[in-house]
Amino acid sequence: MSRKNIRKELLLPAFLVFAFFLYYRFFLGPVRRDIRNDSRELSSLQKSADMVWKRDDLAARSSELKTRFRKIKAGLPKDLDSYDIIVMLSESDPGHMKKESLIFLEPIKKKDYIVLPVRFHFSTDYSGLTQLLSSLDSLSVRPSVSDMQISLIHPEEGNGDSIGTAGGANNPLDVEMTLNFYRKGDKASSDDSKSVSVK
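Please read all numbers here as calculations on a predicted model, not as lab measurements. (Residues numbered from 1 in each chain as written. Predicted model: local features only at pLDDT ≥ 70, side-chain atom pairs only at ≥ 80, totals over all residues. Heavy atoms only, no water.)

Here the focus is the packing of aromatic side chains. For the coordinates displayed, the defined rule picks out three aromatic pairs. Aromatic ring contacts, followed pair by pair, group Phe-69, Tyr-113 and Tyr-182 into a single cluster. (Phe/Tyr/Trp six-rings, centres within 6.5 Å; stacked < 30°, edge-to-face > 60°.)

Put into structure tokens, the structure is as follows:
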């Protein structure tokens, strides 16, 4: 092969490589940079849109919760005292309970309502406990339950049954819970902390 042919054969690929480099450098490179920038901007806009949708969803949920809270506050009794609570708890007794004590704790004043916490201590079996919780849930003045402690009374040695299983359903339970009753806050609190023993 002659030098001219070798030069032509080398010059053509070199020219093609140089032309591709120029094409990449001046056309394809900027297009790819623009695509990357547009992709970042699109991702940022998508995140912003998601945040706006979440904020709008949270605002709608907040408005719904505020409406529900206003309805609940409107349904709270104006006059609820220790006597009413004792009557409600007596009516909620499924017949399996041995009431140990009922302690009326200091009322907690909130902005629009008052929380009347009551510490209730009793013994029953698993069935009696579930019936009591069910009847508390169906009260017209439904309390919330907090700080519940449940323990077995004289568990049988080596029984191995847990609370609520077929063999452990009849085991006596010692239950202590705080029931939080609610009333409207326009009435001054007249209930002081007192302890009542109910047998």
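This brings us to unusual backbone geometry. Negative phi characterises most residues that are not glycine, and trans characterises most peptide bonds. Although it is not a glycine, Asp-147 sits at a positive phi angle of roughly 50 degrees. Looking at the secondary structure, you find Asp-147 in strand S4 (residues 144-152). The class for Asp-147 is exposed, based on a relative accessible area of 55%. (Helix = DSSP H or I, 4+ residues; strand = E, 2+ residues; numbered from the N terminus. Buried < 20%, exposed > 50% of the residue type's maximum accessible area, 1.4 Å probe, protein only.)

Turning to the pairing of strand S5 (residues 173-184), a few remarks are in order. Pairing analysis gives 12 bridges linking strand S3 (residues 113-124) to S5, with the strands arranged antiparallel. Along S5, the bridge assignment pairs Val-115 with Tyr-182. Across seven bridges, the pairing between S4 and S5 is antiparallel. The residue of S5 that forms the bridge with Val-145 is Leu-179. (Pairing = 2+ DSSP bridges.)

Under the definition given, this model contains four salt bridges. A salt bridge links Lys-98 to Glu-100; the nearest nitrogen and oxygen atoms lie 3.7 Å apart. Owing to a relative accessible area of 49%, Lys-98 belongs among the partly exposed residues under this scheme. Among the ionic pairs, Arg-119 bridges to Glu-176, the shortest N-O distance being 3.2 Å. Here Arg-119 is found in strand S3, whereas its partner Glu-176 is found in strand S5, with 57 residues between them in sequence. Owing to a relative accessible area of 14%, Arg-119 belongs among the buried residues under this scheme. On the accessibility criterion, Glu-176 (27% relative accessible area) is partly exposed. (Salt bridge = Lys/Arg side-chain N within 4 Å of Asp/Glu carboxyl O.)

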